[in-house]
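A look at the structure
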Amino acid sequence: MKEDQLPSGPMPWLLLVILTLIWGSSFILIKKALLGFNAPQVGALRVISAGIVLLPIALIHLRKVKPKDYLPLFVPGFTGTLLPAFFFAIAQTRISSGVTGVLNALTPMFTLIIGVLIWKKKALRTQLLGLLLGFIGSVFLIIAGESGAVTINSYAFFVMAATLCYGINLNFIKSRLYHLHPVTITSVSLAFVLPIAVIYIFTNDGIIQYIMTNEQAQWSLLSVSVLGIVGTAIALVIFNHLVQLTSPVFTSTVTYFIPIVAIIWGLWDGENLYLLHYIGMVGILGGVYLVNKKPKLN
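Because the structure is predicted, anything quoted here is derived from the model rather than measured. (Residues numbered from 1 in each chain as written. Predicted model: local features only at pLDDT ≥ 70, side-chain atom pairs only at ≥ 80, totals over all residues. Heavy atoms only, no water.)

Observations concerning the UniProt feature "domain: EamA" (unreviewed entry) in the protein chain
So the rule is basically this: UniProt positions are given in the numbering used here, feature names are shortened, and annotations may be inferred rather than shown by experiment. Secondary structure is summarised from DSSP: a helix means a run of H or I of at least four residues, a strand means a run of E of at least two, and numbering begins at the N terminus for each.
In this numbering, the UniProt entry assigns the feature "domain: EamA" (unreviewed entry) to residues 14–142 and 155–292. The straight-line gap between the two end C-alpha atoms of residues 14–142 is 34 Å; of that span, 78% is helix and 0% is strand.

What to know about the nonpolar core
For the record, the criterion: Nonpolar core, defined: a set of buried Ala, Val, Leu, Ile, Met, Phe, Trp, Tyr and Cys residues in which side-chain atoms within 4.5 Å join the residues together. With a 1.4 Å probe rolled over the protein chains alone, any residue whose accessible area is under 20% of its type maximum counts as buried; one over 50% counts as exposed, and the rest are partly exposed. Contact definition: two residues touch when any of their heavy atoms are within 4.5 Å.
The biggest cluster of nonpolar side chains holds 68 residues, and the ones touching the most others in it are Val42, Val47, Leu103, Leu106, Met109 and Ile284. Ile284 has contacts with Val102, Leu103, Ala105, Leu106, Met109, Leu133, Gly134, Gly137, Ser138 and Leu141, leaving out every residue within four places of it along the chain. If you look at the next biggest cluster of nonpolar residues, it comprises 9 residues, including Phe172, Leu177, Leu180 and Ala191.

A short note on helix α1 (residues 10–24)
Using the following cut-off: Residue count minus one, scaled by 1.5 Å, sets the expected span of a helix.
For α1, spanning 15 residues, the distance from its first C-alpha to its last is 21 Å, which sits close to the expected 21 Å at 1.5 Å a residue. Listed as buried for α1 are Pro12, Leu15, Leu16, Leu19, Thr20, Ile22 and Gly24.

Topic: the packing of helix α4 (residues 70–91) against helix α8 (residues 156–176)
Put simply, the rule is: Here, axes are lines fitted to C-alpha atoms. For helices the fit covers the stretch in contact, and angles between N-to-C directions go from 0 to 180 degrees. An angle below 35 degrees is treated as roughly parallel, one above 145 as roughly antiparallel, one from 65 to 115 as roughly perpendicular, and anything else as oblique. Whether a crossing is left-handed or right-handed is set by the direction in which the near helix is turned from the far one by less than a right angle, anticlockwise for left-handed and clockwise for right-handed. Following the grouping adopted for this structure description, the nonpolar residues are Ala, Val, Leu, Ile, Met, Phe, Trp, Tyr, Cys and Pro, the charged ones are Asp, Glu, Lys and Arg, and the polar ones are all others, Gly among them.
Between α4 and α8, the shortest axis-to-axis distance is 8 Å and the interhelical angle comes to 165 degrees. When the axes of α4 and α8 are compared, the pair comes out roughly antiparallel. Here the hand of the crossing between α4 and α8 comes out left-handed. Between α4 and α8, the contacting residues are Pro72, Val75, Pro76, Thr79, Gly80, Leu83, Pro84, Phe87, Phe88, Ile90 and Ala91 on the first element and Phe158, Val159, Ala161, Ala162, Cys165, Tyr166, Asn169, Phe172, Ile173 and Arg176 on the second. Split into classes, the residues belonging to the contact of α4 with α8 amount to 17 nonpolar, 3 polar and 1 charged.

Below, the structure is given as structure tokens:
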């Protein structure tokens, strides 16, 4: 399938819609999980729920992995799953789920920045313009406070740190783990960081008793379990299948739709958006478009 060719048949479009709904709903699930747990607990439980579901797959694929790839496989688990899970949860203690969903769209920009700075890739003029536009949009979201007031919300930097981790992860996989299947990379790397999350949770004294006796904690556990199982494990299967059916360009369009779903969920849950938020959203999504734009060949 050509990069600029739209897929034929309903299946790719259906998978794209499902993937958008799943990932766009992740931020409202984090918000609900935070009602019963603190941010580090939400991050750890998210990794645990996803890791347990993917563990049987990881054990199967681990037999195909050479020992020299063990350490490199820890990097995607750490930068692509563990750290972002904690960063997003911390951020949403002070940032709305809708705004977090928009800031998540910075991932392609940080992927380009890391690729240029570390892996010495070349950036086009339109991509540099996209980075500038996305940066300006980010500034507007960072300074957009409650009731439209201008302030600095430092918790937005946790979302940016998470998207930076994603950028490192994507470049690292492409340069160091290109010889492995995506399912192998994701399942095995998640299995490698699963013990860290488990150890953290079980060093929280009384958390099992807290969950068993607190109704809100039980609902929050359900939210974070859906987040990990559906938002990570099932979404991974859908994403990999979509890549096989279509092209990277078509698959990347999910970046534009995730913020829309996140904003709709946020508005439904009573969150407010103000002028600075809308300006920031336009800047970031416009920047993402320019960063992903393919040059025309003569």
